[in-house]
Each structure stands twice: as structure tokens, then as C-alpha cells.
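# Structure assessment
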Amino acid sequence: MNCAICHAGSARETPQSTPVIYAGMPSNTVDLEGFERFIFACASDQRFNAPRVMAEIEAIGGRYDFINRFLLRFYAIPFMRERLLMLKSHFRFAEWEPDAGTGRTDTFNPAKTLLEFPLEKLETRELVGLCDFPSIWMQGLRKQKNLHAHWDGNNSLMEERNKSASFGTGAFPPTIDLKQLARVEQWLLTKEPPKYPFPIDTQLGTQGEKLYAQYCANCHGRNGRDFSGEYVGDVVPIDKIGTDRHRLDSYTEELAVAQNNLYAGYPCRFSHFRKTFGYANLPLDGIWLRAPYLHNGSVPTVRDLLNSSAERPPVFYRGYDVFDQVKVGFVSDVTRFDDEGRSKDEPENPRKYFRFDTQVKPGGATPRDRNEGNSNAGHEGWEYGTMLSDQEKDAIVEYLKTF
Amino acid sequence: MSLQPKTKRILWVSAIVLVVLIALGAWFTLTKFFREEKEVFANEDEHFKYGSLGAEGDRGIPYYLWLVLPRVFPDLMPGPGGYKSLGVVWEEGHEIPVGFSKKVVGFARITNNCAVCHTATYRLREDEVPHVVVAGPAHTNNVQSMLRFLFKAAHDPRFNSDIIMNEIRLVSANNYGNGGLSFIDRQIYHYLLIPFTQKALLQQEKQFTWMERFVTGGKPKPHWAPGRDDAMNLTKYFMTSMPEDDTFGPTDFPSIWNLGIRSGKDNAGKQMLLNWTGDTPAVRSVLIDSALGLGAPARPWFLQRMADLDNYLSNLPPPPWPFGETNPINQQMAGEGQKIYTHDCAACHEPRAEFTNKVIPVTEIKTDPERMYSWSKDAAAEANRRVKQLGIDRPPMVETQNPYGYVSPPLDGIWLRAPYLHNGSVPSLRDLLNPSNERPQTFHRGYDVFDPVKVGFKEPQPRPSGPSGELTQPYFLFDTREKGNGNQGHTYGTQLSNEDKEKLLEYLKTL
């Protein structure tokens, strides 16, 4: 895998149009956890043995010479199985937190397990670390302003954040291809988010621009290309921002200091990880493609985010890539999907989309049973624009399309 | 007999080849095992926290081995987080905790320095990164568990080169010229450093058998607890060959800032004493003896470092009360409290006063006596002899009489020196002003959230852990009923009215 597994997504205008793939956008359709579960299940299955796998490879036309056949048979396949089973055991924390679903992952519990933290001894509150994939374009402006990366702003050095993310693809200090990573890094510095491809009501947008300047710009930057603003990049204390705190709590002081041992013995040893106590104010470049919103992806559209949490959809669907030009986000409303999660607008599409439930279930034994970490609360109140009139909110949404 | 010219030539060539090989071998050995890299620090605070005392030869753990030990043996650690779970102070961005030094002597080695026991942390809320105060007591650090971890690991069948190298290779290996452990270095680790370190740890463990000794009655000695050690037994068994005994002298780590006011003669010209039972008359001697205990060899470099530390710590001011914004000191109350202090406390606690830094007989102070029993004039005499043999000239430890009481120290920065008394048996200053039967019988040590009202560290709540949310208490339960942990004595001030106690407390915050 490479960066694009989590950072390339797609959007289409109608169910009939061909999806457009956008590099650098959050992978809105990818169920990374589903993929993990699938290969872990494969590794645990009795059919994952060298003769059987070799036979299947040959059945679909795979041909190997004697040496390669020998290597596959006695090394590669058994070794792969062993490694997968090891990873499966490492990733047992996924069974304690709600399903990630499409477009999300747990960022820092994998780091804990790979550093051999005894998972059963972790505090319960740090077990849910699910968060939305971010967009990764326009890194140059972020680097210039020294914006802290990650939802909780726990790292200030772009190159370090990138190497840290590379662990997720399995690239370890002795194996990582630093040249290729540097090349991607370089490209991302100036990579622009795609322009909004649908019509924009400029008059409404102009009205929204004023409201945006008044309500949003101090924390989110003047516009999609100018990240100046008094509080841009600052970490807002959790009690103030009020969003779901699980992702924040999943990152601990213990992990921060342990991560500073990563790349030990290399010139680029990590030294920028820190524990924070809130979530960071991010610039909104290309925000139209970054749905669903908030760090845990609990609010499906920009328009919903401008409502108070009581009015935000308690349940919606993730992973469908038809764009909603009115609310700005993807079509996600429960009325557009059947009970199994299939799109009603596309009867011939067999895919089941991910039903995202923001509500906590009382009484369960584990955070997973209680569905913790998916709350859509917070980022609300007059400072956040949720008290504005519907027309004013529409105006802000219209303006954000220009980002 | 004369040799054929051809034989001669062969002999000459062989000799030259041999000399070259020996020279290469010597160069290799020198660079890989003995070459010292000079340490550079931004300032004295950093030097104190991360500087070496020169113990690499005796106690140095090869860096990469040290790094992966908690990953190979996570089950031998008290909790998640590697060394951090032992309560070490670890500043963000640093690759080693405070009190650890990483120095290259041939290869990078980890040793400890003064700061491992003498750097404090505090915070007002859990939602805050701890503040680090150099030379404060490391009340969170569980030193005994750290020792036991190393010894347990050394006994474990997983302590073998294959398993450990497997973990090291995940951390560091040569990445196409981008740094990392080279092939040769990995072989050195595999065949020399890992097995030798295991041997050295098992050897060192023998110096600690007294620690695991069962005292009379078949009970093990109590745990040192975070923020404490068995100070004079450590000294006794490192510096003398006295037979093992049943004594247990738990000692709260003291603050070591402002040593100047504890040094020399008092106002009346009487010698002031250091260490909890007045075992040593001079700051320099305490520093030297403590550092020798950490494995430092006595060489000129070491004595210079001791002189520098003496100078640095003698002039290091104590930290002022930092909670001015949230919990400001009531100046009026403090002013009235000062009168109480002058009347009731100053004779023993004002710097260079009549009884300050003198031994108060235990018959008077009545605090737990066990710490006294762990030291003796015979031990002092033998330790003095040993240090002299090492060629170190330092004012000798007191060898005229056995310990008979406890030293009353100055109270500079007393707010950060909780828990209180020599054995750290009273969690807060407010509790210390209560009679001993009203002081907490049990409390937890190692938690660094500060209680600005009682002046001490707060009592931590148990927290849900693991997927099932079972309530667990990660901090150390301290029981004053155990041997050496008694919280009795020092009843001064306990008869004051509550109002006067509050005033006195307010004044103590200003020190």
C-alpha cells in the first residue's frame, strides 16, 4: 500500500456519471478495516496453505519458474501467513471499538500495539481512536505556517508526520524508501485541491464571504488559499470545542514519548510528537471534497455542520460518492438507502454502504458495544454559526464551495 | 644458520602484514568499544538532566538493547508505555527520560545520573503536560521496579540475541546509507553486547540480593515505593563488605536545589549535617558517594564533574509557588503564618539556625526509626576507607556514633517536596500538621497532580481499564503500617488551631 490508500477519493455528479478520482482527497469510499478483516480472516482460514494457494494461482494463469515456485511454496506463503496472524493479534483493539467503516481508521492504537504496549492494560478511554481520513494537499502553506498535523495537533513537523503515516503502510525505518517519500512530499507541497466543478451562486457566495469572515476566518483562515487567521492551527481545548473526545484521549503522553524513539539512530529521529488536550483548527482548502466532517466524520455535510448537533442527522450512510450540491457533502441521507445499505438511486449497484450511527448505546460491556466515539456533538453555538438563519447558513455553504 | 633470501622476504612480508592487521584490529577495537564522544549541552539544566557521570564502563546498557527491552518484555513492566510506566520523568521530544544519559563510548550506552531521583514533575490538572523541575524529588519514579525489571529480563528465556536482534532490526538497520545500525554493528550487538549485558545484569543482581531478602518473620521487605529508595543500604552494600542484614531504611528522595544553604557551618559556627540521619558533613561527599553508587569510576574527569555539580546545585534556587493565577498566596495570612513559623518552626528549619541541619534525637522527634538502623558508624568507617582507597579525597562520613535521630532540613521549595517526613509517609503539609492518628493510614504515591489547598499531591482515582472497563488503580498503594513506613512523630504544630494551621500553610507556600 501507499499514501493513496487513505488519501485518494472519488466523487460523481449523479448515480449515472462516471466517478472522478481525486488524488490527495480523503479516501471516502475505502473500507480499510474491512480489508484488514478480510486478509486476517484469510490468514486464519485452513485454506491458507501453500499447496492450495499455489493451485489457485496456477488456476488463474500464474506461472512461476522452479526457483520462484520453491520460494513461494516454502517461504513466501507460510511467512506471509505468519506475519498476518501476528498483525491480527496486534490489531485486536479493533474488536473493542466501533467499526471504522469507510473513510476512517484508528490512527494511534496501531502505533501503541507496534510499540508493544500491553493493550489489555490500556485505559478504557483510550481504546477508541477512530478518525476521518484527512485531505493532504496544500502542504506547503501548512509547513510555512508550521501548522500542527493530526486532528489533535500532536505533531508540528511535516516530514515526521509523513514517516509516521508510512508505518501504516508497513514501511519501517530499515525498509522505508525515503527518496520516494520525499518525492511525494515535494509534490504535496504545492498540490492544489480540485476546483468545485459545479455551478456556484456568486451573489449568495459574496454574502457568505462576509459571514465567513465574521464567524469562521479567525480559526480556519481567510479563504481556501490564505491560511492567515489569529487562531489557525491552534488547539482548542476539548471542553470548548465540545466534539467527541475519544480520538483525543486515544493519544497519550506515554505514546508521545515512546514515539520519540521512532527512527532511533537515524538523523530523522522523531522529536515533535506531543500530547495535546483539544483539537486543532484546520484550514478548509478543498473542503467540498472532505465530507463527512469533524475529526470522526460524524456530520455528513457542511450544511449539517452549521446546524446544532440536535438537528444533525443521528444516522447516515458513508462511502457513497454521489455529490450533494445543496448541502455540500455526499448523498448520505437514510431515505436514500435500503435497510441493507444499498443505494435506492442505483438498484443495479450491489455495494452495501456503511451505516454510521452517531448515538451511544447505554449499558454495553465494551466501547464497541456502547458505540462510543461517533458523537456528532460540538463545534456548535453562536461562535460556530449554528444560530444563524437558514439563508445565512446557505450563503456560507455557497462561499465554501470556492475553497 | 642463515635463512634463504626468499624465506627472509616471506618472513618480512608476514611481519608487515601482521603489524598492519594488529594495527587495524586495535583501531577497530578502539573505535567500536572505547572511543568517547564528548557530550554537548545547551545549558547546565540540560547537563544535569541528561549528562553522563561516567558510569558507562560498569553500568552502561547498549542503547538499542535498552530501547527494545520494554518491547521484548512488556509483561514485566507495570503498565503500557515502556519505561514511562515506571514513572520516569520524560520530556516531550527527548529520546531518553530525564536522569538517563546516552553517551558514546565505542557504542552508545545508557546510564543514569543524579536527575533520575532528583527531578520532579507536577501539574494542576490531568489535562496538562507535567511541569518539570530539576533537582526536585522524583516522587513519581519507581526505581526499585526499574532494577527488578532489568534483573527479571536478564533471567528471562527471551533475553537472547535472536529475539532481541529481531526487535532491534525493526527499529534500526542500515537503510541504504541513510543511517541506522550497520551490518558490523549488528554483529557486535548479536555476538557481544547482548550476551555480555545479560551476564553483567545477572552479575549486578548479586549485589542486590539484600533487597530481596526476607526479613525476620518470613515477610519480604516492603517495596521502596515510587520516589524512595533504601539509601543507606545501597551505600552499605556497594561501598562496604558488611554482611546482609534485615534493616530497611526507606528514604524519600530529597530536593537537591539550593545546597549552598546546607553547606558548612551554621550561624553559631557549628558543623551542619546532610542525609536524613546526618551521615555526612559535606555536600561534596554526598554527591561523590551517590555518584559512586551509580557506578561511576573515580577518575579526574569525575571529580571535576562533581565539583561542577556542587557549584551548580549549591546555587540553584528552589522553585517559587507556581499557582499564582489559580491559587494565589494570601499575603496577609502568610504574614501571620510567618509569625507562627518564627515562633514554632524556625529554630529547626530556618537555614543555619541552631537546630537546622543537625540531628534531632529520635526520642524527641519520634518519627519512624527504621531508617536509622540501616546505617552504622562501622559502615561509615569502612565506606570512608574504601573511598580513600579509590584515591578520592573527600570529607569523611560521620564515624563517631551510630545514627540516633533525624536531620531537620531547611524548608526551601517545601511545597514540591511531598510526601513529607524522611520516609515520605505523610502525603501533604496539611496532613503533617495533624496528629499522626489523623494522618492518612494509606495513600497512593506516584501521581503528580498537585493539590494547592493541602499542599501535596492529590489522591488519584481508580480508572476504567481494558475493553471491559474494570476499575484499576495504576498508582502505588503506600501503607504506613508496613515496616519503615510509619507516619508517627513530628507532632510540632499539630496543636495549633485550624485557623493558625491555615496561616502557617500559607506561609510555607512562600518558601
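Our subject is the structure listed above.
Read on for a plain summary of the structure. (Residues numbered from 1 in each chain as written. Chains lettered and ligands numbered in written order. Predicted model: local features only at pLDDT ≥ 70, side-chain atom pairs only at ≥ 80, totals over all residues. Heavy atoms only, no water.)

### Description of the packing of aromatic side chains
In plain terms, the rule: Classification of ring pairs uses Phe, Tyr and Trp, with its six-membered ring standing for Trp, and accepts pairs whose centres are within 6.5 Å; under 30 degrees between planes counts as stacked, over 60 as edge-to-face, and the remaining range as tilted. Secondary structure is summarised from DSSP: a helix means a run of H or I of at least four residues, a strand means a run of E of at least two, and numbering begins at the N terminus for each. Note on exposure labels: buried denotes an accessible area under 20% of the residue type's maximum, exposed denotes more than 50%, and partly exposed covers the range between, all computed with a 1.4 Å probe on protein chains only. Consider the ring centre and the ring normal. A charge sits over the ring if Lys NZ or Arg CZ is within 6 Å of that centre and within 35 degrees of that normal.
Applying the stated criterion across every chain yields a total of 55 aromatic pairs over all chains. On the numbers, 6.1 Å between centres and 75 degrees between planes, the contact of W321 of chain B with F450 of chain B is edge-to-face. Taken together, the residues W321 of chain B in the loop between α10 (300–314) and α11 (331–344) and F450 of chain B in strand β13 (residues 450–451) connect sequence positions 129 residues apart. Each member of the pair W321 of chain B and F450 of chain B is classed as buried. Ring pairing ties together the aromatic residues F108, F167, F172, Y251, Y263, Y266, F270 and F273 of chain A, which thus form one cluster. The ring of W301 of chain B is capped by K103 of chain B, whose NZ or CZ atom sits 4.7 Å from the centre of that ring. The ring of F478 of chain B has R445 of chain B lying over it, and the distance from NZ or CZ to the ring centre is 5.8 Å.

### A look at the sheet that holds strand β3 (residues 107–112) of chain B
Residue and element names in this part refer to chain B. Put simply, the test is: At least two DSSP bridges between two strands are needed for those strands to be called paired.
Ordered in space as β1-β3-β2, the three strands form an open sheet in which the pairing is antiparallel. Every interior strand has two partners, whereas the edge strands, β1 (61–62) and β2 (100–105), have only one. Where β1 lies against β3, two bridges are found, and the strand directions are antiparallel. Of the residues in β3, the one forming a bridge with I61 is I110.

### Some points on a nonpolar patch on the surface
Residue and element names in this part refer to chain B. Where we set the bar: By definition, no residue in a patch forms a salt bridge, and every one has over 30% relative accessible area; like charges are joined within 9 Å, nonpolar side chains (Val, Leu, Ile, Met, Phe, Trp, Tyr) within 5 Å. Exposure was quantified through the Shrake-Rupley algorithm and a 1.4 Å probe, taking into account, for residues, occlusion by the shown protein chains and nothing else. Any Lys or Arg side-chain nitrogen found within 4 Å of a carboxyl oxygen on Asp or Glu counts as a salt bridge.
Nonpolar side chains collect at one region of the surface, where W12, V13, I16, V17, V20, L21, L24, W27, F28, F183 and I184 lie side by side and expose about 1200 Å² of accessible area between them. If one sorts the elements of the nonpolar patch by residue count, helix α1 (residues 5–34) sits on top with nine residues. With respect to the helices, strands and loops of the structure, F28 is situated in helix α1.

### A look at the interface of chain A and chain B
Let me state the cut-off plainly: Contact definition: two residues touch when any of their heavy atoms are within 4.5 Å. As used in this structure description, the phrase polar contact means that two N or O atoms lie within 3.5 Å; if the pair is within protein, one of them must be able to donate a hydrogen and the other to accept it, and residues adjacent in sequence are counted only when both atoms belong to side chains.
Contact with chain A, which involves 39 residues of that partner, is made by 44 residues of chain B. Run the count over chain A and chain B and you get five salt bridges. For the salt bridge of E126 of chain B with R125 of chain A, the shortest nitrogen-to-oxygen distance reads 3.9 Å. Our count for the contact surface shared by chain A and chain B stands at eight residue pairs in polar contact (both at pLDDT 80 or more). Per element, the largest residue contribution to the side of chain A that touches chain B is four residues, and it comes from helix α13 (residues 253–259) of chain A.

Geometric descriptors of this kind do not, in isolation, establish any biological role.
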